[in-house]
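So the chains spell out like this:
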Amino acid sequence: MGEESSLVVAQAVQDAPIISSYNDRIRPLLDTVDSLRHLMITREGIQLPTIVVVGDQSSGKSSVLESLAGINLPRGQGICTRVPLIMRLMHQPTPEPDLSLEFNGKVVRTDEEHVSEAINLATEEIAGFGKGISNSPLTLEVRKNGVPDLTMVDLPGITRVPVHGQPENIYDQIKEIIMEYIAPEESIILNVLSATVDFTTCESIRMSQMVDKTGGRTLAVVTKSDKAPEGLLEKVTSDDVNIGLGYVCVRNRIGEESYAEARLEEARLFETHPQLSKIDNSIVGIPVLAQKLVQIQAASIARNLPAIVKSINDKLAMNVAELKRMPPKMSSVSEAMTAFMQIIGLAKESLRKILVRGEFDEYPDQKNMHCTARLVEMLNQYSDELHKHAETKPAENFLMEEIMVLEEAKGIGLPNFLPRTAFLTILQKKVKGISSIPISFAEKVWNYVEEVVISVIMQHSENYYQLQLSFRRAGHNLIAKMKERSVNWVMEIVEMEKLTDYTCNPEYLSDWNKLMVQQDAFMTYVLTNVDWPSVIKLEGFGEIDVTHLKKYSHVLQQAFDLKMRSTAYWKIVLKRLVDCMALHLLLSIGNLVNKEFEAEIVNELMGPGGGIERMLEESPAVASKRQKINKSIELLKKSKEVVAKIMDKIGTYND
């Protein structure tokens, strides 16, 4: 192409807008995403398609953005971009540009002449004076004839060495911001690289590769092409750093060039330079970059919008469901009473299920709340403890206790009559020895039931913090009463067992007769055996040394009878203590759930100082949660309205 033809092409480039008719198609989609971003939908965990501009410090990021927007951005030494700068470029037919900044909840109007200064002032208000950075965004809206319809987020340039006035961890701060923006799969990474450096050493490349290993969502723009033209063709065609969306080489604006002059010089450079002219026209120049960005952005929005709509609907449904699960905000005592009785009803049903019916579907993984199973285990342990205490060394000093008691209980009268006082003395001693076990067991059971009852009450009243203290107090008082009744009952049972001996259970006579069958053989052995030591085996007692019994022949027969009677009867006593305890607990727990529980709670809450009116007060935590959910619902509803207007147009961009 001759010089005259080149000038014609260059002039055409200078006069044409960066991108034209495509704007009319992308604008509605982009407005939708921008509206969602303005609503801060990302706070709900919904990611938006975003072009994120990253680059090492002095890579030429600002120059690229200036060329796309046709305005001057802050320049200087060190980090120029200290906050995420959301640039909304909007083509408009009118020649007069319209620029504004939005930050900290306010909008500041500006113009092309003062936009750089306005950005600096806004940045200082957001990030403070000096050279520190902030993650609070600043939005710059540029409505101007000829600009591409694009929304980009410009992030601070990457620097490893802090300069004076910057924090020591400036690199880590910048990296954290960059990673937050480029990590979502919906983000398109615009990686700005200087032609003067080895791409493989660029920190921005390393960061983008951490989240986009294949490069499928990374586009590279190579700046300063005129500064290092040698080998640039090989660098962008060999693609050693996995740039999946390709490269675009551009020339930076120099000195006081206007943007139109800069575009003209850029077109001439890539058309006439001996080395740069070899690079394909489809990957050079700001207009090509703008076209690529618009197309990539449109495809990304169209691809992701259905998923965004689904996420909005899902999160809206989830928040509405969560709000419904929360207790309604009450405005009258009657409403409070209704809620109060619902709490009692639900708590009673939960207690009935876990304490009476043995159903634990409400607490499948909390074994401590599988109450009937735990109560059976405690009852079995109680029975084992009673029997182990009673069976302590039954063969040791065999019959000596009975002999001593008989010696002290003897009186003037016919021989061979078994004194009843002797039996009662033995019985009372045995009962006294185990009397603490039933009492301890009753206390243990009610301590466990108290934990369960309090846990259930607290669970069902968790949204009424102002009443939980009263509920807890009522639970403690109720269990204290039930425990006291049980302990008193156990003490009465123990006293009854001490008082007299009685049973209609035929097992007593049956066991006594079985044991007495051994009496004749026992007496004969003790009185006639001369071996030393003298040992005999008795059923129910094992091997017994009887050497010490020879000198008590005058009372031996009575002592044996007394031993067998007390042994047979003691089995009845132990069974009775276990059986009666089990029945007592079943009755007491049933009364607790079906009668005592509701009466105690109502008495506590409706009595003096109970204050059912306090249910009208909402806890700070619940109020805060309700407010947060309502805000989310409002935001999601607005977002749903925004996307509903654009969904019917998506097919246009998929054609």
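To keep things clear, this report deals only with the structure shown in the data block. Treat the numbers as computed from the prediction; the structure is a model and nothing was measured. (Residues numbered from 1 in each chain as written. Predicted model: local features only at pLDDT ≥ 70, side-chain atom pairs only at ≥ 80, totals over all residues. Heavy atoms only, no water.)

As for the state of the cysteines
Move 1: For the structure shown, the criterion picks out zero disulfides.
Move 2: Unpaired in terms of disulfides, Cys249 finds its nearest cysteine sulfur in Cys202, a separation of 14 Å. (Disulfide = S-S within 2.5 Å.)

A closer look at the nonpolar core
Move 1: In this structure, Val449, Phe522 and Leu549 are the most contacted members of the largest nonpolar core, which totals 89 residues.
Move 2: Residue contributions to this core peak at 23 residues, all from helix α18 (residues 553-606).
Move 3: Not counting residues within four places of it along the chain, the set of residues in contact with Phe522 comprises Phe398, Leu399, Ile536, Leu538, Val546, Leu549, Leu556 and Phe560.
Move 4: By size, the runner-up hydrophobic cluster in this structure holds 40 residues, among which are Val53, Val64, Ile126 and Val221. (Core = buried A, V, L, I, M, F, W, Y, C linked by side-chain atoms within 4.5 Å. Buried < 20%, exposed > 50% of the residue type's maximum accessible area, 1.4 Å probe, protein only. Helix = DSSP H or I, 4+ residues; strand = E, 2+ residues; numbered from the N terminus. Contact = heavy atoms within 4.5 Å.)

Notes on the packing of aromatic side chains
Move 1: For the structure on display, the rule yields eight aromatic pairs.
Move 2: Where Phe398 meets Phe541, the ring centres are 5.3 Å apart and the plane angle is 65°; that geometry is what we call edge-to-face. With Phe398 in the loop between α11 (371-390) and α12 (400-409) and Phe541 in the loop between β10 (535-538) and β11 (542-545), this residue pair connects regions lying 143 residues apart in the sequence.
Move 3: We classify Phe541 as buried; its relative accessible area is 10%.
Move 4: Pairwise contacts between aromatic rings join Phe398, Phe522, Phe541 and Phe560 into one cluster.
Move 5: Lying over the aromatic face of Tyr259, Arg253 brings its terminal NZ or CZ to 4.2 Å of the ring centre. (Phe/Tyr/Trp six-rings, centres within 6.5 Å; stacked < 30°, edge-to-face > 60°. Lys NZ or Arg CZ within 6 Å of the ring centre and 35° of its normal.)

Considering helix α9 (residues 286-325)
Move 1: Given a rise of 1.5 Å per residue, 40 residues ought to cover 58 Å, and the 55 Å separating the end C-alpha atoms of α9 matches this to within 8%.
Move 2: Along its length, α9 shows its largest kink, about 40°, at Leu305, and proline Pro306 lies within four residues downstream of that point. (Expected span 1.5 Å × (residues − 1). Bend = angle between axes of the 7 residues up to and from the residue.)

Comments concerning empty space enclosed by the protein
Move 1: Counting across every chain of the model gives four cavities of 30 Å³ or more.
Move 2: Broken down by class, the residue content of the lining of the largest cavity amounts to seven nonpolar, three polar and two charged. (1 Å grid on protein atoms, 1.4 Å probe; cavity = no way out; pocket = protein on both sides within 12 Å on 5 of 7 lines; lining within 4 Å. Points joined across faces, edges and corners; volume = space filled by probe spheres on them. Nonpolar A, V, L, I, M, F, W, Y, C, P; charged D, E, K, R; others polar.)

A short note on the side chain of Glu141
Move 1: Relative to the helices and strands, Glu141 resides in strand β5 (residues 138-144).
Move 2: Here Arg88 takes part through its side chain, which lies 2.9 Å from a polar atom of the side chain of Glu141.
Move 3: Those residues within four positions of Glu141 in sequence are excluded, and the remaining contacts are Arg88, Met90, Asp98, Leu99 and Ser100. (Polar contact = N/O pair within 3.5 Å; in protein donor to acceptor, adjacent residues only side chain to side chain.)

Observations concerning the environment of Ile286
Move 1: Along the chain, the position of Ile286 falls in helix α9.
Move 2: Of the residues examined, Ile286 reaches a relative accessible area of 3% and is grouped as buried.
Move 3: Expressed as a C-alpha distance, the spacing of Ile286 and Leu65, which sit 221 residues apart in the sequence, is 9.7 Å.

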